[in-house]
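# A look at the structure
Spelled out from the first residue to the last, the chains are:
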Amino acid sequence: MTLAGLMKLALKQLDETPEDISEYDELFRSYANMGYMIALRLFLKPRESFALRTDRDGRADICALPLGRVVQAEDEHGGAAWFDVAADGSSVTTSVKNGRVTLLCEVEYPPLRGDTDEPRLPEYAHPAIADYICYRHLSSGNLAKQSRAEFFYQSFYQQMRALRQQGAGSVTRMKNLYSVTAAKYRG
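Residues numbered from 1 in each chain as written. Predicted model: local features only at pLDDT ≥ 70, side-chain atom pairs only at ≥ 80, totals over all residues. Heavy atoms only, no water.

Another aspect to go through is the environment of Gly-89. Mapped onto the secondary structure, Gly-89 falls in the loop between β4 (83-85) and β5 (91-94). Each C-alpha atom, one on Gly-89 and one on Arg-69, is 9.3 Å from the other, the two residues being 20 residues apart in sequence. (Helix = DSSP H or I, 4+ residues; strand = E, 2+ residues; numbered from the N terminus.)

We now examine the sheet that holds strand β3 (residues 67-74). Taken in spatial order, the three strands make up an open sheet running β1-β6-β3, and their pairing is antiparallel. Each of the sheet's edge strands pairs with one partner strand only, and the pair in question is β1 (47-53) and β3. Within the sheet, the average angular offset between the axes of one strand and its neighbour, ignoring direction, is 35 degrees. Strand direction decides the pairing type here: β3 and strand β6 (residues 100-107), joined by six bridges, are antiparallel. For Arg-69, the partnering residue across the bridge sits in β6 and is Glu-106. (Pairing = 2+ DSSP bridges. Axes fitted to C-alpha atoms, helices over the stretch in contact; angles between N-to-C directions.)

Further remarks concern the sheet that holds β5. Spatially, the three strands line up as an open sheet ordered β2-β5-β4, and their pairing is antiparallel. Looking along the sheet, the strands with just one partner apiece sit at the ends: β2 (59-61) and β4. This sheet shows a mean twist of 20 degrees between the axes of neighbouring strands, independent of strand direction. Where β4 lies against β5, three bridges are found, and the strand directions are antiparallel. The partner of Phe-83 across the bridge, within β5, is Thr-94.

Before going further, it helps to spend a moment on the packing of helix α2 (residues 21-44) against helix α3 (residues 126-138). Between two packed helices, the angle of one axis relative to the other and the distance separating the axes together describe the packing. Packing of α2 against α3 leaves a shortest axis separation of 8 Å and a crossing angle of 120 degrees. Of the possible angle classes, the one that applies to α2 and α3 is oblique. Every pair of crossing elements has a handedness; the one defined by α2 and α3 is right-handed. Taken together, the residues of α3 that come into contact with α2 (itself represented by Tyr-24, Leu-27, Phe-28, Tyr-31, Ala-32, Met-34, Gly-35, Tyr-36 and Ile-38) are Ile-129, Tyr-132, Ile-133, Arg-136 and His-137. Residue classes in the contact of α2 with α3 are distributed as eleven nonpolar, two polar and one charged. (Parallel < 35°, antiparallel > 145°, perpendicular 65-115°, else oblique. Left-handed = near helix turned anticlockwise from the far one by under 90°. Contact = heavy atoms within 4.5 Å. Nonpolar A, V, L, I, M, F, W, Y, C, P; charged D, E, K, R; others polar.)

Counting residues in each nonpolar core, the largest one holds 47 residues, and the members touching the most others are Phe-28, Tyr-36, Leu-103, Leu-121 and Met-160. For this core, the elements supplying multiple residues, two or more each, are α1 (3-13), α2, β1, β3, β6, α3 and α4 (143-161). With residues up to four places along the chain from it excluded, the contact list for Leu-103 reads Glu-48, Ser-49, Phe-50, Leu-52, Ile-62, Val-70, Gln-72, Ala-73 and Val-92. (Core = buried A, V, L, I, M, F, W, Y, C linked by side-chain atoms within 4.5 Å. Buried < 20%, exposed > 50% of the residue type's maximum accessible area, 1.4 Å probe, protein only.)

As a further point, take the confidence of the model for the protein. Low-confidence regions, as indicated by low pLDDT, have predicted coordinates that should not be scrutinised in detail. Taken as a whole, the protein shows an average pLDDT of 89; of its residues, 88% reach a score of 70 or greater. The lowest-confidence element of the protein is β3, averaging 90 in pLDDT; the highest-confidence one is α3, averaging 97. (pLDDT = per-residue confidence, 0-100.)

Here the focus is α3. Look at α3: 19 Å from first C-alpha to last across 13 residues, which is about the 18 Å you get at 1.5 Å a residue. When α3 is considered as a whole, its buried residues turn out to be His-126, Ala-128, Ile-129, Ala-130, Asp-131, Tyr-132, Ile-133, Cys-134 and Leu-138. The inward-facing, buried residues of α3 contact α1, α2 and α4. (Expected span 1.5 Å × (residues − 1).)

Under the counting rule described, the total for this entry stands at five salt bridges. Salt-bridge contacts for Arg-41 lead to Glu-108; the nearest nitrogen and oxygen are separated by 3.1 Å. Of the two residues, Arg-41 is situated in helix α2 and Glu-108 in the loop between β6 and α3; the sequence distance between them amounts to 67 residues. On the basis of relative accessibility, which here comes to 31%, the residue Glu-108 falls in the partly exposed class. Here Asp-57 makes a salt bridge to Arg-59, at a shortest N to O gap of 3.1 Å. The partly exposed category is assigned to Arg-59, whose relative accessible area is 38%. (Salt bridge = Lys/Arg side-chain N within 4 Å of Asp/Glu carboxyl O.)

Let's shift gears to unusual backbone geometry. Despite not being glycine, Lys-45 has its phi angle at roughly 45 degrees, a positive value. By the element assignment, Lys-45 lies in the loop between α2 and β1. A relative accessible area of 23% places Lys-45 in the partly exposed class. In this model, Asn-98 sits at a positive phi of 45 degrees, which is unusual for a non-glycine residue. As for its position among the elements, Asn-98 is in the loop between β5 and β6. Residue Asn-98 is classed as exposed on the basis of its relative accessible area of 52%.

Below, the structure is given as structure tokens:
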């Protein structure tokens, strides 16, 4: 669903006419992006891999990357590499010196700006953004509006809890998986 479609859905849920979109356009875009960022940062946590070259000290520049957090680092052979991100987030220092390192990172996506922009969420989660718009719009109203806002708030978070983080539930390490089967109990 596009940003324009999400805003129209929100208007319908609020019992407003879709022709009134111009009155709410700027505010709804802001609310849509707030909900979108909550969905990405707290629930989906999208991940991407980046291959970087390190210098003689094991440092690689990460300033230009859309990183939220470095999850793991691997050397050229796929082995785990030690890493530390600089306090200012400008570089990462690894145990791989003068080599290639692959970083698995949680990434930041740009906000929704154009009417045709679509949230980079599973299709089933798109209506949750419209719910967030409705929640924010109604939450500053009178008691009856705040009561309606609570419904949209709960609906948004219910749909967000259905999202699974990328990589959640996956086996991530196979090394020494069966080595303990020969262990004997000495009591």
